[in-house]
Amino acid sequence: MQYDKDKADEIVLALLYLGIHDGSRTWKGIDWDSMNRLHQKGFISNPINKTKSVMLTDAGEKMSEQLFKQFFAKQP
């Protein structure tokens, strides 16, 4: 199946917002290819390490929150 990888990356970044803890850390139990693309785009720290979380960059944290609200916020 072919899919829009940029759109998938947006959803992944939005979902990373759910796991934020200890400041900008977030759990990284997401598709590795998506995580690598988000790292290449400058939104997260390098996901290839022994820790179970990654750091959102400043731009990544802002974009993650914006996308989370865009895709998942309930409208009154």
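Quick note: structure is the one above.
What counts, and where the lines are drawn
- Residues numbered from 1 in each chain as written.
- Predicted model: local features only at pLDDT ≥ 70, side-chain atom pairs only at ≥ 80, totals over all residues.
- Heavy atoms only, no water.
- Helix = DSSP H or I, 4+ residues; strand = E, 2+ residues; numbered from the N terminus.
- Rg over C-alpha atoms; globule rule 2.2 N^0.38 Å.
- Buried < 20%, exposed > 50% of the residue type's maximum accessible area, 1.4 Å probe, protein only.
- Contact = heavy atoms within 4.5 Å.
- Areas by Shrake-Rupley, 256 points an atom, 1.4 Å probe, with all protein chains shown as cover.
- Lys, Arg positive; Asp, Glu negative; His and termini not counted.
- Charge placed at Lys NZ, Arg CZ, Asp CG, Glu CD.
- Axes fitted to C-alpha atoms, helices over the stretch in contact; angles between N-to-C directions.
- Parallel < 35°, antiparallel > 145°, perpendicular 65-115°, else oblique.
- Salt bridge = Lys/Arg side-chain N within 4 Å of Asp/Glu carboxyl O.
- Nonpolar A, V, L, I, M, F, W, Y, C, P; charged D, E, K, R; others polar.

Considerations on the overall build of the protein chain
Secondary structure assignment for the protein chain yields three helices and two strands. In the protein chain, the order of α-helices and β-strands from amino to carboxyl end is α-β-α-β-α. Computed over C-alpha atoms, the radius of gyration of the protein chain comes to 12 Å, within 12% of the 11 Å expected from 2.2 N^0.38 for 76 residues, which places it in the range of a compact globule. Projected onto its principal axes, the C-alpha coordinates of the protein chain cover approximately 40 × 35 × 20 Å. For the protein chain, with 76 residues in total, the buried portion stands at 32%. Excluding contacts between residues fewer than 6 apart, the proportion of contacts in the protein chain whose partners are at least 24 apart in sequence is 53%. With the model as given, the accessible surface of the protein chain reaches about 5,300 Å², and the carbon-plus-sulfur share is 55%. A distance of 4 Å separates the average location of the 11 positive side-chain charges in the protein chain from that of its 10 negative side-chain charges.

With respect to unusual backbone geometry
Non-glycine residue Asp22 carries a positive phi angle of around 50°. Positionally, Asp22 belongs in the loop between α1 (5-16) and β1 (25-27).

Brief notes about the packing of α1 against helix α3 (residues 58-72)
In the contact formed by α1 and α3, the axes pass within 7 Å of each other and the chain directions differ by 100°. Judged on the interaxial angle alone, α3 and α1 are roughly perpendicular. Along its contact with α1, which presents Lys7, Glu10, Ile11, Leu13, Ala14, Leu15 and Leu16, the element α3 presents Gly60, Met63, Ser64, Leu67, Phe68, Phe71 and Phe72.

What to know about the pattern of salt bridges
Tallying each qualifying case throughout the model produces four salt bridges. The structure contains a network of salt bridges with shared partners spanning Asp6, Asp9, Arg37 and Lys41.

Side note on the packing of α1 against helix α2 (residues 32-40)
Running from amino to carboxyl end, α1 crosses α2 at an angle of 90°, the nearest separation of the two axes being 10 Å. One element, α1, and the other, α2, form an angle in the roughly perpendicular class. Residues Lys5, Asp9, Val12, Leu13 and Leu16 of α1 touch α2, and the partners they reach there are Ser34, Met35, Arg37 and Leu38. Of the residues belonging to the contact of α1 with α2, the class tally is five nonpolar, one polar and three charged.

Read these as layout, nothing more, since geometry by itself doesn't imply function.
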